[in-house]
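Structural overview for review
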Amino acid sequence: MPDNEKEYNGFLFDQLSAVERIEKQALTGDMEKVKEEIETLKKEINRKLYQKPPLTEN
């Protein structure tokens, strides 16, 4: 959970960007491009989730 409003806004901007990227591909009607965009976003999210070293200490 974000500690402050700035961090929370950053998460929201990331989510909005992801939706806009998928929407852009969906408007072309090419579902293969939509699937590729989703896979790219999933890889980017996983890199952030499992970065080394983690941003916070456990």
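Everything numeric in this text was worked out from a predicted model, so none of it was measured. (Residues numbered from 1 in each chain as written. Predicted model: local features only at pLDDT ≥ 70, side-chain atom pairs only at ≥ 80, totals over all residues. Heavy atoms only, no water.)

**Here's the deal with the environment of T28**
- The topology assignment puts T28 in helix α1 (residues 5-28).
- There is a polar contact of 2.6 Å between the side chain of T28 and the backbone oxygen of Q25. (Helix = DSSP H or I, 4+ residues; strand = E, 2+ residues; numbered from the N terminus. Polar contact = N/O pair within 3.5 Å; in protein donor to acceptor, adjacent residues only side chain to side chain.)

**Points about the pattern of salt bridges**
- A complete count under the given rule lists five salt bridges for this structure.
- The shortest N-O distance in the salt bridge between R21 and E37 comes to 2.7 Å. Taken together, the residues span a long stretch of sequence, with R21 in helix α1 and E37 in helix α2 (residues 31-49) at a distance of 16 residues.
- On the accessibility criterion, E37 (14% relative accessible area) is buried.
- The residue E32 makes a salt bridge to K35 at a minimum N-O spacing of 3.6 Å. With E32 and K35 both in helix α2, this residue pair falls three residues apart, about one helical turn.
- By relative accessible area, which is 48% here, E32 ends up partly exposed.
- A single salt-bridge network, built from bridges that share partners, covers R21, E37 and E44. (Salt bridge = Lys/Arg side-chain N within 4 Å of Asp/Glu carboxyl O. Buried < 20%, exposed > 50% of the residue type's maximum accessible area, 1.4 Å probe, protein only.)

**Some remarks on α1**
- With 24 residues, α1 extends 35 Å from end C-alpha to end C-alpha; this agrees with the ideal 34 Å at 1.5 Å per step.
- The opening residue of α1 is N4, an N-cap whose side-chain oxygen sits 3.1 Å from the backbone nitrogen of K6.
- Directly after α1, the chain includes G29, whose backbone phi takes a positive value near 85°. (Expected span 1.5 Å × (residues − 1).)

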